[in-house]
Amino acid sequence: MISAFLPKRIKYTGRQLTSLWAYRNFGLLGDSIVAFIGPCNIPFSQMADVEDIRGRHKIYSSLMLHFIIEHFDCDMEKAVLRQRILACIVKNVLDEQVKRRLKRRGDDLYDGDRKFSISIATASPVSTMIHFAVNIETKRTPVKTAGLNDYKVNPKQFALKVMQAYSEEMQCVRQARQKVLPR
């Protein structure tokens, strides 16, 4: 699995959740996890979650740490399971760093009643994709939020640990699948 932290700030709008985004823009061909920092403002026309569209939920943050994952299979159930594995990894990495216990509900993380993350898994014509982001700043968010700044966590170092843990987990899954005798 290819991983990369992009040093340039990128505004996440939902347009990044398209086939071969990492390859087209950064030359990263194959299963990948890419992290970058930037604001988030998703117009309804770019939202993938129909619940958010129907509920007219505004998705905005002045600064987030974003992860875009692409796997070249088209199994949505597997994508949702990977999304939840990623949520658990993010939770574990933060819990270890700040000695604070976030709660996971589905694919979202919370500190009490403050939302820490956003996430969606979707399918493209050639792959499945995940967007997972955690707040860095919490100013002007449409709901109560917690962010990395609240815990004094360096976003780049955090991203590198999460990407390494996710890549290792996917490699471990691949190895577990390949070592079993058929019955």
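Residues numbered from 1 in each chain as written. Predicted model: local features only at pLDDT ≥ 70, side-chain atom pairs only at ≥ 80, totals over all residues. Heavy atoms only, no water.

Trainee: Can you lay out the sheet that holds strand β2 (residues 32-42) for me, pointing to particular residues and giving the numbers?
Mentor: Taken together, the 5 strands give an open sheet; going across it, the order is β1-β2-β3-β8-β7, and neighbouring strands pair in mixed fashion. One side of each edge strand has no neighbouring strand; the edge strands of this open sheet are β1 (2-5) and β7 (117-123). Along the sheet, successive strands turn relative to each other by an average axial angle of 25°, direction set aside. Pairing of β7 with strand β8 (residues 128-135), which is carried by 7 bridges, proceeds in the antiparallel orientation. In the strand pairing of β8, A121 is matched with I130. On top of the sheet, helix α3 (residues 76-98) reaches β3 (59-71), β7 and β8; it is set at about 25° to β8, its chief contact. (Pairing = 2+ DSSP bridges. Helix = DSSP H or I, 4+ residues; strand = E, 2+ residues; numbered from the N terminus. Axes fitted to C-alpha atoms, helices over the stretch in contact; angles between N-to-C directions. Contact = heavy atoms within 4.5 Å.)

Trainee: Break down the pattern of salt bridges for me, with residues and values.
Mentor: As enumerated under the stated definition, the model contains 9 salt bridges in all. The partner of D95 in a salt bridge is R101, with the nearest N and O atoms 3.1 Å apart. Take R101: its relative accessible area is 61%, and that puts it in the exposed class. (Salt bridge = Lys/Arg side-chain N within 4 Å of Asp/Glu carboxyl O. Buried < 20%, exposed > 50% of the residue type's maximum accessible area, 1.4 Å probe, protein only.)

Trainee: An account of the packing of aromatic side chains is needed here, citing residue identities and associated values.
Mentor: All chains considered together, the criterion is met by 3 aromatic pairs. Centroid distance W21 to F26: 5.3 Å. Interplanar angle 75°. Geometry classified as edge-to-face. An aromatic cluster is present here, built from W21, F26 and F36 joined pairwise through their rings. The cationic tip of R105 hangs over the ring face of Y110; the distance from NZ or CZ to the ring centre is 4.0 Å. (Phe/Tyr/Trp six-rings, centres within 6.5 Å; stacked < 30°, edge-to-face > 60°. Lys NZ or Arg CZ within 6 Å of the ring centre and 35° of its normal.)

Trainee: Describe the side chain of S117, with residues and values.
Mentor: Following the sequence through the fold, S117 ends up in strand β7. Given a relative accessible area of 1%, S117 falls into the buried group.

Trainee: Kindly report on the sheet that holds strand β5 (residues 108-111), identifying the contributing residues and their values.
Mentor: Hydrogen bonds between backbone atoms are what pair the strands of a sheet, whose relative direction is either parallel or antiparallel. On the basis of which strands lie adjacent, the open sheet formed by 3 strands has the order β4-β5-β6 and antiparallel pairing. Two strands lie at the open edges of the sheet, namely β4 (103-105) and β6 (114-115), each paired on one side alone. Bridge count for β5 against β6 is 2 bridges, and the pairing is antiparallel. Directly across from D111, in β6, lies its bridge partner R114. Contacting β4 and β5, α3 crosses the sheet at an angle of about 170° to β4.

Trainee: Could you give an account of unusual backbone geometry, naming the residues involved and the relevant values?
Mentor: Residue R140 is not a glycine yet carries a positive backbone phi of 60°. Taking relative accessible area as the criterion, R140 reaches 60% and is therefore assigned exposed. Although it is not a glycine, K152 sits at a positive phi angle of roughly 60°. Position of K152 among the secondary structure elements: in the loop between β8 and α4 (155-178).

Trainee: Please provide a residue-by-residue account of the side chain of S62, values included.
Mentor: Tracing the backbone through its elements, the reader meets S62 in strand β3. Given a relative accessible area of 14%, S62 falls into the buried group. Within the local environment of S62, its side chain forms a polar contact with the side chain of E137, the two groups lying 3.0 Å apart. Not counting residues within four places of it along the chain, the set of residues in contact with S62 comprises P39, E137, K139 and R140. (Polar contact = N/O pair within 3.5 Å; in protein donor to acceptor, adjacent residues only side chain to side chain.)

Trainee: Talk me through the nonpolar core; I want residue IDs and the actual numbers.
Mentor: L65, F67, V90, F116, F132, L148 and F158 are the most contacted members of the largest nonpolar core, which has 33 residues in total. Of all the secondary structure elements, the ones that give two or more residues to this core are β2, β3, α3, β8 and α4. Sort the elements by how many residues they give to this core and α3 lands first, with 7 residues. Apart from residues lying up to four places away in sequence, L148 is in contact with L65, L94, F116, V134, N135, I136, V153, P155 and F158. (Core = buried A, V, L, I, M, F, W, Y, C linked by side-chain atoms within 4.5 Å.)

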